[in-house]
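# A structural walkthrough
This is what each chain is made of:
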Amino acid sequence: MKESEGKSEKIAKHNKDRNLLVLTGAAALLALAANLAFSAFNSHRKKTKKKDLPGSNVRVHLSPSEILRLADRIVANSKAVHDKVASVPLDKVSYVNVVSPLAELEAEQFPLIQSCVFPKFVSASDEVRKASAEAERRLDAHALMCSMREDVYLVIKAVAARGEWTSAEAKCYIQSLVREFERNGLNLTVTKREEVQRLRTQMDELSLQYIKNLNDKSTFLLFSEAELAGLPPEFFKGLDKAENGKFKVNLRSSFVAAVLELCKVGRTRRMVAVAYGKRCGDVNLSVLEKLVQLRHKYARLLGYANYADYAVDLRMAKTTSKVFEFLEDISINLTDLATKELNMLKDLKKKEEGEVTFGIEDLLYYAKRVEEQKFDIDFGALKQYFPVNLVLSGVFKTFQDLFGLRFEEILDAEVWHGDVRVFSVFDLSSRELFGYFYKDIYAREGKYGQTCVVALQNGALSSNGARQVPVALLISQFEKDISGHPGLLRFSEVVNLFHEFGHVVQHICNRASFARFSGLRMDPDFVEIPAQVLENLCYESFVLKLISGFHQDITKPIKDDICKSLKRWRHSFSALKLKQEILYCLFDQIIHSADNIDVVELFKHLHPKVMLGLPVLEGTNPASCFPRSAIGYEAACYSRIWSEVFASDVFASKFHGDPLNQYVGMQFRNKVFGPGGAKEPIEVLSDFLGREPSIQAFVDSKSEYSL
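Word for word, the UniProt comment on the protein under Subcellular location (unreviewed entry) is "Cytoplasm". Reading the Sequence similarities (unreviewed entry) entry of the UniProt record for the protein gives the comment "Belongs to the peptidase M3 family."

Below is the structure:
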């Protein structure tokens, strides 16, 4: 996902958190026939009464006025519960009169909160989306007020001091409540607390200013058609022309990526890369420097040595020293392979362009050129083997078989659009209802543009022992079958679907007692690991054949040689590309770990050190156009690599060779999905692996499939 897209999704996830937020051959033909039968039946659904989902408190078809009224009721009820908890005398506090009401409130109100918020991502009505955004604003304001209630903090602190835990998970929950208040400064003096809030406001303003500066779309470069040689006809269709007949290439990430990957003209690639790297120049450099200074000051008020320590403290990594050690170990272990990859690219450039120095702007273009020479993969043709209905059928079968589940479509359920489908999820052996998921995967105007999963209701155990079931929503923008032409998925969309559906199952199979620890409310260093483990299935021949079939004859899956090529292609130049990502992660970690860092000089120093002698592009300033360090991932850019590395360890150790082994799948379901956020991630992985996780499997996988 591009940085700008990742930022948008991160902000969406951040807001949610604050609000609480297969078959092949003949079998495939039968599955598609069943889908057609469902479609015919569903055409009459409006004539029948809509079914409720037992155990779900999610409301899916609210009008604008109903959304706003519900938001106001949520706020009023929440305030009443907090007021009642705060009124308990400090010498009378107990788990029953303080902790239990707050836990019940979280579990009960989360699906109602999401009922107000999720329509802004999926509704076809502009009025509904506006009401949803306004409801979210009101709910966010209330959540912020609750997080600053000293009276509630004091009674919770009093319960914690008594140490009367009903269970290990209850202890974890109480500690989480205390920690949340204290990270907002509630354990500080009033003066320091006010300073914390002032700094937070200033940091938010600077972060948004940095992004606003980057979003200026007025900058463009002019090129003739010859200077853009190698770009496909579709690229030119999206360009305007200047009066002199040249094409205007806007410096948006999609255009820049296309030029750097496809343009045959080295001078053009360099010009675009330099212009892109110069964006916002001194303006954003100044913003970032001020932002980092404020972050350090903020962290120190809260008792940390620097902002990186504050950011990493609640993550799986725990300490900044561990993050540095991790990044440096990965970088060192990949150096030999990355050097081999770089030399291959340099040799090819020399053959094509002569004695011209290889620069960082050449990496994507020549990596693609080598891939075209080494792999016989036509991704346009490959798309013909992934009809969306067949892929979904394969995904469903894979996850049902692996994790001992059964999915049943609920016809006549209340939904917000005719394309939406609803499924129950049962345990295959006990027939226990585990939860529900909504599938809203087809493109339409006004809908959120990325594939993602939204938790609509968290699992929880009530005080009377009843279990609240999880509810999830899968959103995407796939092509729909139209007039006999099947919707087809790009291979990247297939991989992304596996990843996100992994999150659906992760959410539903969670068995935590508290909504706060349910499903996707996990350590951010850990939450992506299970889905990344399952993403690996897309590169296994058995699974690829299960989910593929030529759209004109779905009994013909993709061939064995293509399956093997896809696995090798996945790792091509991965060491060199990962080195580039590590460079940015180290920069992010360093500026948030120390004071008075000259960010320009830091990049000049790090770039050749990490990138095997390749210097930073002259005239560019990467620090001024690095949004992940400005908002959403500050001092945590390492987290994506962290997840990928340990997911590789899990897959290689347990799934490799027999990817659909149900015994392993059930162990994964119970030991990795089951605990949710109630257990330390390192304990979760160690329990599943029988040892502590390691980086070695990740490093070995890169070498095994090297070019």
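### Quick word on the nonpolar core
If you look at the biggest cluster of nonpolar residues, it comprises 161 residues, and the most contacted ones within it are Phe-386, Phe-437, Phe-501 and Phe-587. With near-sequence residues (within four places) excluded, Phe-587 lies in contact with Leu-288, Val-599, Leu-602, Phe-603, Leu-606, Ala-623 and Phe-626. If you look at the next biggest cluster of nonpolar residues, it comprises 35 residues, including Val-60, Leu-112, Leu-139 and Ile-410.

### Description of the pairing of strand 7 (residues 452-457)
Strand 7 sits mainly inside the fold: six of its six residues count as buried. In terms of strand pairing, strand 7 meets strand 10 (residues 471-478) through five bridges, oriented antiparallel. Note that in strand 10 the partner of Val-453 across the bridge is Leu-474.

### Notes on the state of the cysteines
One pass over the full model with this rule turns up zero disulfides. Left without a disulfide partner, Cys-263 is nearest to the cysteine sulfur of Cys-625, which lies 20 Å away. For Cys-263, a relative accessible area of 0% corresponds to the buried category. With no disulfide of its own, Cys-637 has Cys-585 as its nearest cysteine by sulfur position, at a separation of 5.7 Å. On the accessibility criterion, Cys-637 (2% relative accessible area) is buried.

### Structural notes on helix 15 (residues 320-353)
A turn of α-helix holds 3.6 residues, and therefore any two residues three or four places apart point the same way. In this model, helix 15 (34 residues) spans only 43 Å end to end at C-alpha, well below the 50 Å of a helix rising 1.5 Å per residue. Backbone geometry just after helix 15 places Gly-354 at a positive phi near 80°.

### Comments concerning the sheet that holds strand 6 (residues 433-442)
Pairing in this open sheet of five strands is mixed, and the strands run 4-5-6-10-7 from one edge to the other. Looking at strand neighbours, the two that pair on one side only are strand 4 (405-409) and strand 7, the edges of this open sheet. Each adjacent strand pair in this sheet contributes to an overall mean axis angle of 25°, direction not counted. As paired elements, strand 4 and strand 5 (residues 421-427) share five bridges and run antiparallel to each other. When the bridges of strand 5 are listed, Glu-409 appears paired with Phe-423.

### A few points about the packing of aromatic side chains
Here the structure, examined in full by the defined rule, presents 45 aromatic pairs. Both rings, one in Tyr-173 and one in Phe-517, keep their centres 6.3 Å apart while their planes meet at 85°; by these two values the pair is edge-to-face. Linking Tyr-173 in helix 8 (residues 168-182) with Phe-517 in the loop between helix 19 (491-508) and helix 20 (529-535), this pair joins segments that are 344 residues apart in sequence. Judged by relative accessible area, Phe-517 falls into the buried class, the value being 5%. Centre to centre, the rings of Phe-396 and Phe-501 are 5.4 Å apart; their planes meet at 25°, and the pair counts as stacked. With Phe-396 in helix 18 (residues 388-403) and Phe-501 in helix 19, the pair connects residues that are 105 residues apart, well separated along the chain. In this structure, Phe-396 and Phe-501 share a single accessibility class: buried. It is Arg-279 that lies over the ring of Tyr-276; its NZ or CZ is 3.6 Å from the centre.

What counts and what doesn't
Residues numbered from 1 in each chain as written. Predicted model: local features only at pLDDT ≥ 70, side-chain atom pairs only at ≥ 80, totals over all residues. Heavy atoms only, no water. UniProt positions renumbered as here; feature names shortened; annotations may be inferred. Core = buried A, V, L, I, M, F, W, Y, C linked by side-chain atoms within 4.5 Å. Buried < 20%, exposed > 50% of the residue type's maximum accessible area, 1.4 Å probe, protein only. Contact = heavy atoms within 4.5 Å. Helix = DSSP H or I, 4+ residues; strand = E, 2+ residues; numbered from the N terminus. Pairing = 2+ DSSP bridges. Disulfide = S-S within 2.5 Å. Expected span 1.5 Å × (residues − 1). Axes fitted to C-alpha atoms, helices over the stretch in contact; angles between N-to-C directions. Phe/Tyr/Trp six-rings, centres within 6.5 Å; stacked < 30°, edge-to-face > 60°. Lys NZ or Arg CZ within 6 Å of the ring centre and 35° of its normal.

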